[in-house]
Amino acid sequence: MSNSAVILAGRILMSVIFLLSGFAKITHLGGTAGYFAGQGLPVPMVTATIVSLVELGGGLAILLGFFTRPASILLAVFCVATAFIAHANFADQMQLINFQKNLAMAGGFLILAAYGAGALSIDARRAGPSFA
């Protein structure tokens, strides 16, 4: 399999969790805001809206390979912040696993930010032909 196909497969796999989670949050915004309020997050409706849009928009950008580097950096920061805000109860084994998952996803996004979306992406199409 070519490097471009591997990068595409990685982008698809990394985007799925954000697309599904962002869609679920935005279509149940009231419930999401209620959950966030219960977690003590500030302005829960605004926070829920921003989180939903970051997940959905970031996931879509990664999937399509569109503005991949900035989207990857945004999602890496988001993953680390989410790990520390929502999954820092290490006495709970599931929270520890989610904490580690978020850090691993952040690492994947940093690699994607460094190397880009590959040839099978909108970014590559926008850059034009490459003779490298």
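The structure presented is a predicted model; accordingly, all values stated were derived computationally and were not measured. (Residues numbered from 1 in each chain as written. Predicted model: local features only at pLDDT ≥ 70, side-chain atom pairs only at ≥ 80, totals over all residues. Heavy atoms only, no water.)

## Concerning the packing of helix α4 (residues 68–86) against helix α5 (residues 93–115)
- Here α4 crosses α5 at 165 degrees, and the two axes come no closer than 8 Å. Relative to α5, the element α4 is oriented roughly antiparallel. Crossing hand, α4 versus α5: left-handed. For the pair α4 and α5, contact is made by Thr68, Arg69, Ser72, Ile73, Leu75, Ala76, Cys79, Val80, Thr82, Ala83, Phe84 and Ala86 and by Gln95, Phe99, Asn102, Leu103, Met105, Ala106, Phe109, Leu110, Leu112, Ala113, Ala114 and Tyr115, respectively.
- The class makeup of the residues in the contact of α4 with α5 is 18 nonpolar, five polar and one charged. (Axes fitted to C-alpha atoms, helices over the stretch in contact; angles between N-to-C directions. Helix = DSSP H or I, 4+ residues; strand = E, 2+ residues; numbered from the N terminus. Parallel < 35°, antiparallel > 145°, perpendicular 65-115°, else oblique. Left-handed = near helix turned anticlockwise from the far one by under 90°. Contact = heavy atoms within 4.5 Å. Nonpolar A, V, L, I, M, F, W, Y, C, P; charged D, E, K, R; others polar.)

## Quick look at the nonpolar core
- Within the largest apolar cluster, 17 residues are counted, with the highest numbers of intra-cluster contacts made by Phe18, Ile62, Leu75, Phe78, Cys79, Met105 and Phe109.
- Elements supplying a minimum of two residues to this core: α2 (29–38), α3 (44–64), α4 and α5.
- When near neighbours in sequence (up to four residues on either side) are disregarded, Leu75 contacts Phe18, Val54, Gly58, Gly59, Ile62 and Phe109. (Core = buried A, V, L, I, M, F, W, Y, C linked by side-chain atoms within 4.5 Å. Buried < 20%, exposed > 50% of the residue type's maximum accessible area, 1.4 Å probe, protein only.)

## Things to note about unusual backbone geometry
- Phi angles above zero are rare outside glycine, and Val43 is one such case at about 30 degrees.
- At Phe67, a residue that is not glycine, the phi angle is positive and equals roughly 50 degrees.
- As for its placement among the helices and strands, Phe67 is situated in the loop between α3 and α4.

## Looking at the packing of aromatic side chains
- Tallied over the full model, the rule gives six aromatic pairs.
- Their ring planes at 65 degrees and their centres at 5.5 Å tell us that Phe18 and Phe109 sit as a pair that is edge-to-face. Note that Phe18 is positioned in helix α1 (residues 3–27) and Phe109 in helix α5, a separation of 91 residues in sequence. Exposure class is identical for Phe18 and Phe109. Each is buried.
- Aromatic pair Phe66 and Phe67: ring centres 4.6 Å apart, planes at 75 degrees, arrangement edge-to-face.
- Classification of Phe67 as partly exposed rests on a relative accessible area of 42%. (Phe/Tyr/Trp six-rings, centres within 6.5 Å; stacked < 30°, edge-to-face > 60°.)

## Things to note about the layout of surface pockets
- Reported here for the largest pocket is a volume of approximately 630 Å³.
- Val51, Glu55, Phe78, Thr82 and Ala86 are the residues nearest the centre of the largest pocket, which is lined by 26 residues in total.
- For the lining of the largest pocket, the secondary structure elements donating two or more residues are α1, α2, α3, α4 and α5.
- In terms of residue count, the dominant contributor to the lining of the largest pocket is α4 (seven residues). (1 Å grid on protein atoms, 1.4 Å probe; cavity = no way out; pocket = protein on both sides within 12 Å on 5 of 7 lines; lining within 4 Å. Points joined across faces, edges and corners; volume = space filled by probe spheres on them.)

## Re the packing of α3 against α4
- At a closest axis distance of 9 Å, the pairing of α3 and α4 adopts a crossing angle of 140 degrees. As judged from the angle between their axes, α3 and α4 are oblique. Along this stretch, α3 crosses α4, giving a crossing that reads as left-handed. Along its contact with α3, which presents Val51, Val54, Glu55, Gly58, Gly59, Ala61 and Ile62, the element α4 presents Thr68, Ala71, Ser72, Leu74, Leu75 and Phe78.
- Partitioned by chemical class, the residues of the contact of α3 with α4 number eight nonpolar, four polar and one charged.

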